[in-house]
Amino acid sequence: LTGGRGVDQVIEVGGKDTFNQSLEAARVGGSVLCIGLLSGASQQVLIPTLFGKNLRVIGLSVGSREMFEGMCADIEKAKLKPVIGATWPFDKTPDALRQMQAATHFGKICVEY
């Protein structure tokens, strides 16, 4: 999508299974913003990629309620919509969790209640 340039900022939510892919996806001088560890926290980091691209890796934590409300207002104003990968009825929640664990989806997995 970037013609080989890489992206300015990567929002990394996957953790150990996707962290190095995020380093590879970033442009020279780009940033990798880590906000999740869905697949775990321990990983060998591609140090040559980190230094060779002069990347910034920033760990982000959950902010305040005021920040959350501001984010929600901005999402609504921009009319952003999440990508829904699958929707499961409540009684199939174990199947939804298995799908999440298998990482065979793209987008959010929703459980209706």
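Sequence order sets the numbering: in each chain, residues are counted from 1 along the sequence as written. For this predicted model, a pLDDT threshold of at least 70 governs which residues receive local features, and a threshold of 80 or more governs which side-chain atom pairs are given and counted, while totals over whole chains, interfaces and linings are taken from all residues. Each side-chain value is worked out from all heavy atoms of the structure, with water and hydrogens disregarded.

Any chance you could break down the pairing of strand β4 (residues 84-89) for me, citing the residues and the numbers?
Pairing of β4 with strand β5 (residues 108-112) involves five bridges; the strand directions are parallel. Residue isoleucine 84 lies in a different strand from β5, and its bridge partner there is lysine 108. Two strands are counted as paired when DSSP detects at least two bridges linking them. The secondary structure listing takes helices from DSSP runs of H or I that are at least 4 residues long and strands from runs of E that are at least 2 residues long, numbered from the N terminus.

Describe the nonpolar core, listing the residues and the values that go with them.
Ranked by size, the top nonpolar core spans eight residues in total: Val10, Phe19, Leu23, Ala26, Val32, Cys34, Leu50 and Leu55. Broken down by secondary-structure element, the contributors of at least two residues to this core are α1 (19-25) and β2 (26-34). Looking at this core, the element that brings in the most residues is β2, giving three residues. Residues enter a nonpolar core if they are buried and are Ala, Val, Leu, Ile, Met, Phe, Trp, Tyr or Cys, with the set joined through side-chain atoms within 4.5 Å. The cut-offs for exposure are 20% and 50% of the maximum accessible area for each residue type, with area from a 1.4 Å probe on protein chains only; residues under the lower value are buried, those over the upper are exposed, and the others partly exposed.

Residue-level account of the state of the cysteines, with values.
The definition used for a disulfide is geometric: two cysteine sulfur atoms within 2.5 Å. On inspection of all chains with the given rule, the structure shows zero disulfides. With no disulfide of its own, cysteine 72 lies 15 Å from the sulfur of cysteine 110, the closest cysteine sulfur. Looking at cysteine 110, the relative accessible area reads 25%, which means it is partly exposed.

Give a description of the sheet that holds β2 that names residues and reports values.
Read across the open sheet, the three strands follow the order β1-β2-β3; overall the sheet is parallel. The open sheet is flanked by β1 (7-12) and β3 (56-59), the only strands paired with a single partner. Strand-to-strand twist across the sheet, computed as the mean angle between neighbouring axes with direction ignored, equals 15°. Across four bridges, the pairing between β2 and β3 is parallel. From the neighbouring strand, serine 31 faces β3, where its bridge partner is arginine 56. Angular values range over 0 to 180 degrees, each being the angle between N-to-C directions of two axes fitted as lines to C-alpha atoms, with helices fitted over their stretch in contact.

I'd like a rundown of unusual backbone geometry, residues and numbers included.
With phi around 60°, lysine 79 is a residue other than glycine that occupies positive phi space. Along the chain, lysine 79 turns up in the loop between α3 (65-78) and β4. Even without a glycine there, the phi angle at alanine 103 is positive, about 55°. For alanine 103, the location among the structural elements is in the loop between α4 (93-102) and β5. By relative accessible area, alanine 103 is classed as exposed at 56%.

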